[in-house]
Amino acid sequence: MSIRWPFLKRKKKSITEIPDNIPNHVAIIMDGNGRWAKQRGLPRIAGHKEGMDVVRDIVIAATEAGVKVLTLYAFSTENWRRPKSEVDFLMKLPKEFMHIYLPEMIEKNVKIETIGELTQLPDHTLKAIVHAKEKTKSNDGLILNFALNYGSRHEIVEAVKAISTQVNQGNLEIENIDEDIFSSYLYTKNMCEPDLLIRTSGEIRLSNFLLWQLAYTELWFTDVLWPDFNEELFKKALVDYHTRKRRYGGI
Ligand code: FPP
């Protein structure tokens, strides 16, 4: 099967040449930074730094492919358990990323958004994120959605609490609660659900990431460690997605 990818030649192509089933929403568990660093005798944070630069490359690749939403698992609610020095470094990455790449994100019409509990982030991290969101809020290209201090179980529990409050206050009838209403209480309420999930580093698990939203998502795993992930592999995932038959429980 031959698919012509508009971004292979790095120049604008007619819209008719873009395959019609590029995933609208790609979510990525960027795993393997620590092992990448260890293999090179480097501290773990060197892997995270390298991983940050790969984020830029994949954002550009996703933009050129016509992906609409790219959700990246940058920091989980469980990642606080890591040594303080590593957590501190990870918390500096949003500021570092924006410092280096925000002008390019703006130029590429990327809109930066987040999911997760931002209030627990250090001030400097929050400030960088708020600034980036503000600067890109009018952009209507790719939504670059960072999952920061994100945990799916926490998200679901918070949704249950908020729905219960509405019921208690008489604003919502229990029998009217359905999947759409439930979804509207999640961080992702304004986004389509992921069509494709990529996880790097050979781990085959979801790690508390978008458990509700991934119900019908196509899963794609690679042994490649995140700092070695690149545009070619991203394209391979998109090509593989192109061949999948999504049946949503039907036949
Ligand atoms: C998991 O690898 C990776 C993380 C917990 C952090 C991911 C963050 C980035 C790739 C950079 C994010 C960039 C921005 C702009 C926020 P691991 O450390 O668990 O790797 P290991 O399993 O090999 O130890």
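Scroll up for the structure.
Some points on the sheet that holds strand β2 (residues 69–76)
As a general point, the strands of a sheet are linked pairwise by backbone hydrogen bonds and lie either parallel or antiparallel.
Then, in step 1: Ordered by their spatial adjacency, 6 strands build an open sheet running β3-β4-β2-β1-β5-β6, and the pairing between neighbours is parallel. Edge positions in the open sheet fall to β3 (111–115) and β6 (218–221), since each of these has one partner strand only. With direction set aside, neighbouring strand axes in the sheet form an average angle of 20°.
Then, in step 2: Looking at chain direction, β2 and strand β4 (residues 143–150) are connected through 7 bridges and run parallel. In the strand pairing of β4, L70 is matched with L144.

A short note on the pairing of β2
Then, in step 1: The element β2 is largely enclosed, with a buried count of 7 among its 8 residues.
Then, in step 2: Sheet topology places strand β1 (residues 25–29) next to β2; 5 bridges connect them, and they run parallel. Looking at the pairing, I28 lines up with L72 of β2.

Considering a negative patch on the surface
Then, in step 1: Together, D178, E179, D180 and E193 make up a region of like negative charge exposed at the surface.
Then, in step 2: Looking at the secondary structure, you find E179 in helix α6 (residues 179–183).

Observations concerning the packing of helix α2 (residues 44–65) against helix α3 (residues 84–107)
Then, in step 1: Between α2 and α3, the least distance of the axes is 10 Å, while the angle of their chain directions is 30°. The angle between the axes of α2 and α3 places the two elements in the roughly parallel class. Here α2 runs over α3; the crossing is right-handed. Along its contact with α2, which presents R44, I45, H48, K49, M52, D53, V55, R56, V59 and I60, the element α3 presents E86, F89, L90, L93, E96, F97, I100, Y101, E104 and M105.

Section: the environment of L102
Then, in step 1: Among the secondary structure elements, L102 is positioned in helix α3.
Then, in step 2: The exposure class of L102 is buried, given its relative accessible area of 6%.
Then, in step 3: A sequence separation of 10 residues divides L102 from I112, and the C-alpha atoms of the two residues are 9.4 Å apart.

Examining the pattern of salt bridges
Then, in step 1: For the structure shown, the criterion picks out 17 salt bridges.
Then, in step 2: The closest approach of N and O atoms between E104 and R56, which form a salt bridge, is 2.6 Å. Remark: R56 occurs in helix α2 and E104 occurs in helix α3; sequence separation between them is 48 residues.
Then, in step 3: Its salt-bridge partner being E218, residue R244 comes within 2.9 Å of it at the nearest N-O pair. Pair noted here: R244 is in the segment after α7 (231–243) and E218 is in strand β6, with a separation of 26 residues, a long-range link.
Then, in step 4: Each member of the salt-bridge network shares a partner with another, and the members are D31, R35, R199, E203 and R205.

Here's the deal with the site of the ligand
Then, in step 1: Neighbouring residues of the ligand: 17 residues in total, closest G34, R35, R44, H48 and R82.
Then, in step 2: Between G32 and the ligand, the recorded distance is 3.3 Å, taken from a backbone N or O atom to an oxygen atom.
Then, in step 3: Between an oxygen atom of the ligand and a main-chain N or O atom of G34, the distance comes to 3.1 Å.
Then, in step 4: Relative to its free-state accessible area of 630 Å², the ligand is covered by the protein chains to the extent of 91%.
Then, in step 5: Where the shell around the ligand is concerned, the elements lending two or more residues are α1 (33–39), α2 and α3.
Then, in step 6: In terms of residue class, the shell around the ligand is made up of 7 nonpolar, 6 polar and 4 charged.

Rules and cut-offs
Residues numbered from 1 in each chain as written. Predicted model: local features only at pLDDT ≥ 70, side-chain atom pairs only at ≥ 80, totals over all residues. Heavy atoms only, no water. Pairing = 2+ DSSP bridges. Helix = DSSP H or I, 4+ residues; strand = E, 2+ residues; numbered from the N terminus. Axes fitted to C-alpha atoms, helices over the stretch in contact; angles between N-to-C directions. Buried < 20%, exposed > 50% of the residue type's maximum accessible area, 1.4 Å probe, protein only. Patch = residues over 30% accessible without salt bridge, like charges linked within 9 Å, V, L, I, M, F, W, Y side chains within 5 Å. Areas by Shrake-Rupley, 256 points an atom, 1.4 Å probe, with all protein chains shown as cover. Salt bridge = Lys/Arg side-chain N within 4 Å of Asp/Glu carboxyl O. Lys, Arg positive; Asp, Glu negative; His and termini not counted. Charge placed at Lys NZ, Arg CZ, Asp CG, Glu CD. Parallel < 35°, antiparallel > 145°, perpendicular 65-115°, else oblique. Left-handed = near helix turned anticlockwise from the far one by under 90°. Contact = heavy atoms within 4.5 Å. Near = heavy atom within 4 Å. Polar contact = N/O pair within 3.5 Å; in protein donor to acceptor, adjacent residues only side chain to side chain. Nonpolar A, V, L, I, M, F, W, Y, C, P; charged D, E, K, R; others polar.

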